[in-house]
Amino acid sequence: MLMKIPFSPPYIDEDVEKEVLDALRSGWITTGPKVKALEQEVVTYCNAEAALAVNSATSGMMLALHWFGITHGDEVIIPAYTYVATALAVLHIGAKPIIVDVEGDFNISVQKIKEAITEKTKAIIPVDFAGWPCKYDDINELINEPEVKNKFLPKGENQKKLGRILIVSDAAHSIGATYKNRRTGTLTDITVFSFHAVKNITTAEGGMICLNLPTAFDNKAIYATLRLWSLNGQTKDAFSKTQAGGWKYDIVYPGFKINLSDIAAAIGLAQIKKYNSHLLVERKRVFDFYTNEFEKYNWALLPPYNVIHSSSSYHLYPLRIKNISEHQRDSIIEKLAVNGVSVNVHFIPLPMLTVFKEMKYNIHHFPMAYTNYATEISLPIYPQLTNLQCAYIVKQIVNAVAEL
Ligand SMILES: *Cc1c(COP(=O)(O)O)cnc(C)c1O
């Protein structure tokens, strides 16, 4: 019997509908109480010092890099294996993305970071691929090594105060993941979550910047600054201006317009309230189901999951099939499509995309990113997926691999 299985439908239940309706009926639909409530939920959930909602992870990363004074002539190190947003955030503030290879767990290679650091390096953006946290102890240790710190040439107040390379983690996939028993959101100076429609928690479009800068910084004050910068640099937000007599404002900084609306925040607010108790549990169920099945086949390379003190957010199930070619991988995907199973490939490495080829990047210098890509298939993984559907997906993959 043919089953039709979508790749990643959003989780919309009655509680989401109620929360959105509540926003619609409240008379206030843009940035206001729902956004505040969502920020507070993230602060509590992640144990972050402060969290600022924005309209996407991309603009969140741009804002974070801009806050640190990164601009033309500066370099930011990023992994080859990521969505293009990581690189575009760097390009859009005028800096140069320095792309480095990844490891067998899909995440950025700390050795490659080390080799790429120059006197122009101002930040590193590690990506928690599929929801699996990067090796943050190693990364944090590296940027604090005396020889690496000595290379750092600070410009402006924030760079002087930090005195080293800034870490902004692209945690678009990893809300709810843990590393050494701490949740993402607190593992680096700044963490940026995505609430895009396919992510673990969604606001349709949206993102969240978590601040955990060292004690020399006042994270709550930086939150206030970034909030201002996310709303045109205007001293009063629209909500305060609607209060009687509160019409006067000033523009004190040439800011951006990247705030999140209350309608959007309402979706995420309903989801985050049941994230740990339900949504994450159901994602883990699907992840474990696949792992238990694929463990039986020696052609299957399972995604990382069983390292002590770390846990995934189970955002993707990136299955790799050992020793197959890119072409064979594509033919498996075609067979799955014929049988009703929608899958994906995460990601086409940056050096294979035209924009980066034109910047003289060549995939031959990124062998691990290429192998990960050529042999990878991302399977459907979401709370609504039943075990019956999972079993069907496994069967279709086993058949397709047998037919190679
Ligand atoms: C989805 C995604 C982004 C971009 O998130 P937006 O909220 O759409 O800007 C960035 N990085 C990675 C790894 C992603 O998967």
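For the structure itself, consult the block above.
Notes on the structure in this doc start here. All values derive from a computational prediction rather than experimental measurement.

Cut-offs and rules
Residues numbered from 1 in each chain as written. Predicted model: local features only at pLDDT ≥ 70, side-chain atom pairs only at ≥ 80, totals over all residues. Heavy atoms only, no water. Phe/Tyr/Trp six-rings, centres within 6.5 Å; stacked < 30°, edge-to-face > 60°. Helix = DSSP H or I, 4+ residues; strand = E, 2+ residues; numbered from the N terminus. Buried < 20%, exposed > 50% of the residue type's maximum accessible area, 1.4 Å probe, protein only. Lys NZ or Arg CZ within 6 Å of the ring centre and 35° of its normal. Polar contact = N/O pair within 3.5 Å; in protein donor to acceptor, adjacent residues only side chain to side chain. Contact = heavy atoms within 4.5 Å. Pairing = 2+ DSSP bridges. Near = heavy atom within 4 Å. Areas by Shrake-Rupley, 256 points an atom, 1.4 Å probe, with all protein chains shown as cover. 1 Å grid on protein atoms, 1.4 Å probe; cavity = no way out; pocket = protein on both sides within 12 Å on 5 of 7 lines; lining within 4 Å. Sits in = over half its atoms within 2 Å of the grid points.

A few words on the packing of aromatic side chains. As enumerated under the stated definition, the model contains 21 aromatic pairs in all. Taken together, a centroid distance of 5.0 Å and an interplanar angle of 55° make the contact between Tyr-290 and Tyr-317 tilted. With a gap of 27 residues between them, Tyr-290 in helix α12 (residues 275–294) and Tyr-317 in strand β12 (residues 317–321) connect regions that are remote in the sequence. Neither residue differs from the other here; Tyr-290 and Tyr-317 are each classed as buried. A connected cluster of aromatic rings, assembled from ring pairs, spans Phe-287, Tyr-290, Phe-294, Tyr-297, Trp-299, Tyr-305, Tyr-314 and Tyr-317. One residue, Arg-329, lies across the ring of Tyr-373, its end atom 4.6 Å from the ring centre.

Structurally, Thr-86 can be placed in helix α4 (residues 85–92). At 3.2 Å, the side chain of Thr-86 forms a polar contact with the backbone oxygen of Tyr-83. Reaching out from Thr-86, the side chain makes a polar contact with the side chain of Asp-170 at a distance of 2.9 Å. If sequence neighbours within four positions are ignored, Thr-86 has contacts with Met-61, Ile-78, Ile-125, Val-127 and Asp-170.

Read across the sheet, 3 strands follow the order β7-β6-β11 without closing on themselves; strand pairing throughout is antiparallel. The open sheet has two edge strands with one neighbour each: β7 (182–183) and β11 (310–311). In this structure, strand β6 (residues 178–179) lies alongside β7, joined through 2 bridges in antiparallel fashion. Bridge pairing links Tyr-179 to Arg-182 in β7.

Attention now goes to the site of the ligand. If you check the shell around the ligand, you find 16 residues, and the closest are Thr-58, Asp-170, His-173, Ser-194 and Lys-199. Between the ligand and the protein, one listed contact pairs an oxygen atom with a side-chain N or O atom of Thr-58 at 2.5 Å. Look at the ligand: alone it shows 390 Å² of surface, and the protein chains cover 92% of it. Spatially, the ligand is embedded in the largest pocket. Among the elements of the structure, α3 (57–67) and α4 are those that each provide at least two residues to the shell around the ligand.

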